[in-house]
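Here is how the chains run, residue by residue.
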Amino acid sequence: SQTIHQWPATLVQPVGSPLSLECTVEGTSNPNLYWYRQAAGRGLQLLFYSVGIGQISSEVPQNLSASRPQDRQFILSSKKLLLSDSGFYLCAWREQVWEKLFFGSGTQLSVL
Amino acid sequence: GESVGLHLPTLSVQEGDNSIINCAYSNSASDYFIWYKQESGKGPQFIIDIRSNMDKRQGQRVTVLLNKTVKHLSLQIAATQPGDSAVYFCAELLGTNFGNEKLTFGTGTRLTIIP
């Protein structure tokens, strides 16, 4: 069966520090991969998605970037974090031929 | 712009009663809808989905109804239990080119089950 791993679960970082969140999917190949951000008490905002290795689409201009160095690995990065980068970050995946999206357990990022 | 919204941000239901969570969508071209449940501090979990060629779909204790005429989606949870307390999101899918379509999420409804 397919599983998605996302880490770390929580992260506290100072303003101006770098960021690297990692997500891996097991049990499938060539999935679509997604990064979402969720502000407290709010809905999900799509940040990036990828349909293949090295293929990244950005949904909103921001201080973050994403990379997909391997088929089932998706990384969210920042060179210098801002206070506004705080939030709950969710990685998700789906098969290319199915619409159902599966989410990871999330990373709570606090930028102080 | 197009959006998915929810009528009520919070809903409290007595344990054992049925609950109905509503969702309005504005894009008549959307062809797939999905409901997620999100518990505090966790990622959203899939509950049930429905395609636009259907009006109703049932799962275990849950039913999704789709009214395309008024662009309305609802999630019915039967015989609610304390474990049903969570935030529920609806989402719509636009597009048919696999890989490029994206789910658009509503802001969510917080369901609280009263013991």
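In what follows, the structure referred to is the one given above.
First things first, this report covers the structure right here in the doc.

About the cut-offs
Residues numbered from 1 in each chain as written. Chains lettered and ligands numbered in written order. Predicted model: local features only at pLDDT ≥ 70, side-chain atom pairs only at ≥ 80, totals over all residues. Heavy atoms only, no water. Helix = DSSP H or I, 4+ residues; strand = E, 2+ residues; numbered from the N terminus. Rg over C-alpha atoms; globule rule 2.2 N^0.38 Å. Contact = heavy atoms within 4.5 Å. Areas by Shrake-Rupley, 256 points an atom, 1.4 Å probe, with all protein chains shown as cover. Lys, Arg positive; Asp, Glu negative; His and termini not counted. Charge placed at Lys NZ, Arg CZ, Asp CG, Glu CD. Phe/Tyr/Trp six-rings, centres within 6.5 Å; stacked < 30°, edge-to-face > 60°. Buried < 20%, exposed > 50% of the residue type's maximum accessible area, 1.4 Å probe, protein only. Lys NZ or Arg CZ within 6 Å of the ring centre and 35° of its normal. Disulfide = S-S within 2.5 Å. 1 Å grid on protein atoms, 1.4 Å probe; cavity = no way out; pocket = protein on both sides within 12 Å on 5 of 7 lines; lining within 4 Å. Points joined across faces, edges and corners; volume = space filled by probe spheres on them. Nonpolar A, V, L, I, M, F, W, Y, C, P; charged D, E, K, R; others polar. Salt bridge = Lys/Arg side-chain N within 4 Å of Asp/Glu carboxyl O.

Per the secondary structure count, chain A includes zero helices and eleven strands. Each helix (α) and strand (β) of chain A, taken in turn from the N terminus, gives the series β-β-β-β-β-β-β-β-β-β-β. What you see for chain A is a C-alpha radius of gyration of 13 Å, in line with the 13 Å of a compact globule of 112 residues. Dimensions of chain A, computed from C-alpha atoms along their principal axes, come out at roughly 40 × 25 × 20 Å. Across chain A, contacts joining residues at least 24 apart in sequence account for 55% of those joining residues at least 6 apart. For chain A, the accessible area works out to roughly 5,200 Å², and carbon and sulfur atoms hold 54% of it. In chain A, 8 side chains carry a positive charge and 7 a negative one; their mean positions are 7 Å apart.

Below, the discussion takes up the packing of aromatic side chains. Summed over the entire model, instances satisfying the criterion amount to eleven aromatic pairs over all chains. Between F103 of chain A and F105 of chain B, the aromatic rings sit 5.9 Å apart at their centres with planes inclined by 70 degrees, giving edge-to-face as the arrangement. Of this pair, F103 of chain A sits in strand 10 (residues 102-103) while F105 of chain B is found in strand 10 (residues 102-105), placing the two residues in two different chains. Residue classification places F103 of chain A among the buried residues on the basis of a relative accessible area of 10%. Of the residues examined, F105 of chain B reaches a relative accessible area of 9% and is grouped as buried. In textbook terms, an aromatic cluster arises when at least three aromatic residues are bridged by ring pairs, as seen for Y34, Y36, Y49 and F103 of chain A together with Y36, F89 and F105 of chain B. A cation sits over an aromatic face here: K100 of chain A above F46 of chain B, 4.1 Å from the ring centre.

Right, let's get into the state of the cysteines. Under the defined criterion, the tally for this structure stands at two disulfides over all chains. Note that C23 of chain A is cross-linked by a disulfide to C91 of chain A, the S-S spacing being 2.0 Å. The S-S bond linking C23 of chain A to C91 of chain A shows a torsion near -75 degrees; that makes this disulfide left-handed. Separated by 68 residues along the polypeptide, C23 of chain A in strand 3 (residues 19-26) and C91 of chain A in strand 9 (residues 87-94) bring together distant segments of the chain. Looking at C91 of chain A, the relative accessible area reads 0%, which means it is buried. Disulfide partner of C23 of chain B: C90 of chain B, at an S-S distance of 1.8 Å. The disulfide joining C23 of chain B to C90 of chain B has a torsion of about 50 degrees about its S-S bond and is therefore right-handed.

On to unusual backbone geometry, then. A cis amide bond links W7 of chain A with the next residue in sequence, P8 of chain A, at an omega value of 0 degrees. Structurally, P8 of chain A can be placed in the loop between strand 1 (3-7) and strand 2 (10-13).

A volume near 380 Å³ is recorded for the largest pocket. Q38 and G41 of chain A together with Q38, V87 and R110 of chain B are the residues nearest the centre of the largest pocket, which is lined by 21 residues in total. Contributions of two or more residues to the lining of the largest pocket are made by strand 9 of chain A together with strand 9 (86-94) and strand 11 (109-114) of chain B. The dominant element in the lining of the largest pocket, judged by the number of residues it contributes, is strand 9 of chain B, at three residues. Residue composition of the lining of the largest pocket, by class: seven nonpolar, eleven polar and three charged. Of the voids in this model, the second largest pocket is the one considered here, and its volume is about 230 Å³. In terms of lining residues, the second largest pocket is bounded by K37, Q45, F46, I47, Q60, R61, V62, I77, D84 and Y88 of chain B. Split into classes, the residues belonging to the lining of the second largest pocket amount to five nonpolar, two polar and three charged.

All names here are of chain B. Under the criterion given, the structure shown has five salt bridges over all chains. The shortest N-O distance in the salt bridge between K68 and D55 comes to 3.1 Å. Pair noted here: K68 is in the loop between strand 7 (62-67) and strand 8 (72-77) and D55 is in the loop between strand 5 (45-51) and strand 6 (56-58), with a separation of 13 residues, a long-range link. The class of D55 is exposed, set by a relative accessible area of 52%. Measuring nitrogen to oxygen at the nearest pair gives 2.9 Å for the salt bridge that ties R61 to D84.

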